[in-house]
Every structure is written in structure tokens, then in C-alpha cells.
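In case you want the letters, here they are:
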Amino acid sequence: MKKLVKVVAAIIENDKNEILCALRSPEMAIPNMWEFPGGKVETGEDLYSALQREIDEELKCMIETSDDIFNDTIHEYDTFIINLLSIKCKIISGTPIPSEHSKIIWLKRENLASLKWAPADIPAVEQLIHEKIVFSN
């Protein structure tokens, strides 16, 4: 039986309505594909503190998470099953600097489909593309 891995991913949006996209390095599992940054939830950790820890480790910045899970996907890869929980976030301090990824870019929703996404991230990408942006006055 394949191992089930619980992973949190940050959908980080800036004030220009752009989303942070991270390119997996050639050394990572599922190499050279785009994803939302994040990582495994450790034993005893809640989703939100796990995500804050992962973003601090991977991007050297602090985030604030929304209270809701934006997308909850289960995807079966060749060697494991991932439960990917995507959560919307915003940066509250620091500037994202990739330490584990090959590169990071900011993209508008309508351009997200131009990237080659890791399969587990695709449902959240599609949900973002079809989401209506609500502007507040």
C-alpha cells in the first residue's frame, strides 16, 4: 500500500492580484514542474502553523493564512498518495527568496495555465483561474 502524505500549499497573492508560483528543482521529487510552495505537515502540527513554517523555510518570509482551506485534493503518484490542502495567504514580512525551488514568479490568474503544473496542484490552479476576483471599495 502506498504511503499517504499530507501536504499544505500556500496560494500567496500580492496586491496586484498576482499569484506566487514556484518551480520544483531538478533534485526534487516531481522535478521541473510548477507548484504552490509548502510542504509536509509534521506530526502534532496544525495545517496553518505547518504552512507558516514551510514558507519561512522555503521562501524566507512570514505569511498570514486565511482560515479556510481553498482546495483539498487527493492525487495518486507512482510511489505515494498526496493529500494536498491549498490555503490562501498573504505575505506579512519579508520578500520571497527561493531556497529549495529553481525559481519563483508572480502570475495573474489568467496566465496560470501557461505553466506545467505538478498534477496534485492542478485542481487548485483550475479553481483559481475560474474564481471571480472580488474587488472591495
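Shown above is the structure to which this text applies.
What you see is a predicted model, and the numbers here were worked out from it, not measured in a lab. (Residues numbered from 1 in each chain as written. Predicted model: local features only at pLDDT ≥ 70, side-chain atom pairs only at ≥ 80, totals over all residues. Heavy atoms only, no water.)

*Asks:* Any details on the overall build of the protein chain? Residues and values, ideally.
*Replies:* Secondary structure assignment for the protein chain yields two helices and eight strands. For 137 residues, the compact-globule estimate of 2.2 N^0.38 gives 14 Å, and the protein chain sits close to it at 14 Å. Overall, the protein chain is about 50 × 30 × 25 Å in size when its C-alpha atoms are taken along their principal axes. A total of 137 residues make up the protein chain; the buried ones form 44% of that total. For the protein chain, contacts bridging at least 24 residues in sequence account for 67% of all contacts bridging at least 6. Here the protein chain displays about 7700 Å² of accessible surface, and carbon together with sulfur accounts for 52% of that area. Averaging the locations of the 15 positively and 23 negatively charged side chains of the protein chain gives two centres separated by 3 Å. (Helix = DSSP H or I, 4+ residues; strand = E, 2+ residues; numbered from the N terminus. Rg over C-alpha atoms; globule rule 2.2 N^0.38 Å. Buried < 20%, exposed > 50% of the residue type's maximum accessible area, 1.4 Å probe, protein only. Contact = heavy atoms within 4.5 Å. Areas by Shrake-Rupley, 256 points an atom, 1.4 Å probe, with all protein chains shown as cover. Lys, Arg positive; Asp, Glu negative; His and termini not counted. Charge placed at Lys NZ, Arg CZ, Asp CG, Glu CD.)

*Asks:* Can you lay out the sheet that holds strand E2 (residues 18-23) for me, pointing to particular residues and giving the numbers?
*Replies:* The three strands are arranged E3-E2-E8 in an open sheet whose pairing can be described as antiparallel. The sheet is open, and its two edges are formed by strand E3 (34-35) and strand E8 (103-108), each paired on a single side. Here six bridges tie E2 to E8, and the two strands are oriented antiparallel to one another. Among the inter-strand pairings, alanine 22 is bridged to a residue of E8, identified as isoleucine 104. (Pairing = 2+ DSSP bridges.)

*Asks:* Account for the pairing of E2, naming residues and giving values.
*Replies:* Most of E2 is tucked away, with six of its six residues classed as buried. Residues of E2 alternate between two faces, with Glu18, Leu20 and Ala22 on one and Ile19, Cys21 and Leu23 on the opposite face, all of them buried. Looking at chain direction, E2 and E3 are connected through two bridges and run antiparallel. Among the inter-strand pairings, alanine 22 is bridged to a residue of E3, identified as glutamate 35.

*Asks:* Would you mind going over the nonpolar core in detail, with residue names and values included?
*Replies:* Within the largest apolar cluster, 23 residues are counted, with the highest numbers of intra-cluster contacts made by Ile11, Cys21, Phe36, Leu112, Trp117 and Leu128. When contributions to this core are tallied by element, the ones reaching two or more residues are strand E1 (3-12), E2, strand E7 (80-93) and helix H2 (122-130). For this core, the leading source of residues is E1, giving four residues. In contact with leucine 112, not counting residues within four places along its chain, are Ile19, Cys21, Leu107, Trp117, Val125, Leu128 and Ile129. Counting 17 residues, the second largest nonpolar core, distinct from the first, contains Val8, Leu20, Ala22 and Leu51. (Core = buried A, V, L, I, M, F, W, Y, C linked by side-chain atoms within 4.5 Å.)

*Asks:* Now, about H2: what can you tell me, with residues and values included?
*Replies:* Listing the buried residues of H2 in full gives Ala124, Val125 and Leu128. The buried residues of H2 all sit within an arc of 100° when viewed along its axis, so they share a single face. On its buried face, H2 sits against E1, E2, strand E6 (71-76) and E7. (Arc of directions from axis to C-beta.)

*Asks:* Outline the pairing of E7, listing residues and values.
*Replies:* Bridge analysis of E1 against E7 gives ten bridges, and the strand direction is parallel. Across the sheet, alanine 9 pairs through a bridge with serine 86, a residue of E7. As paired elements, strand E5 (residues 62-65) and E7 share four bridges and run antiparallel to each other. Among the inter-strand pairings, methionine 62 is bridged to a residue of E7, identified as serine 93. Bridge count for E6 against E7 is six bridges, and the pairing is antiparallel. If you follow threonine 73 over to E7, its bridge partner there is leucine 84. Two successive antiparallel strands, E6 and E7, enclose a turn made up of three residues.

Any functional reading would require information beyond the geometric quantities listed.
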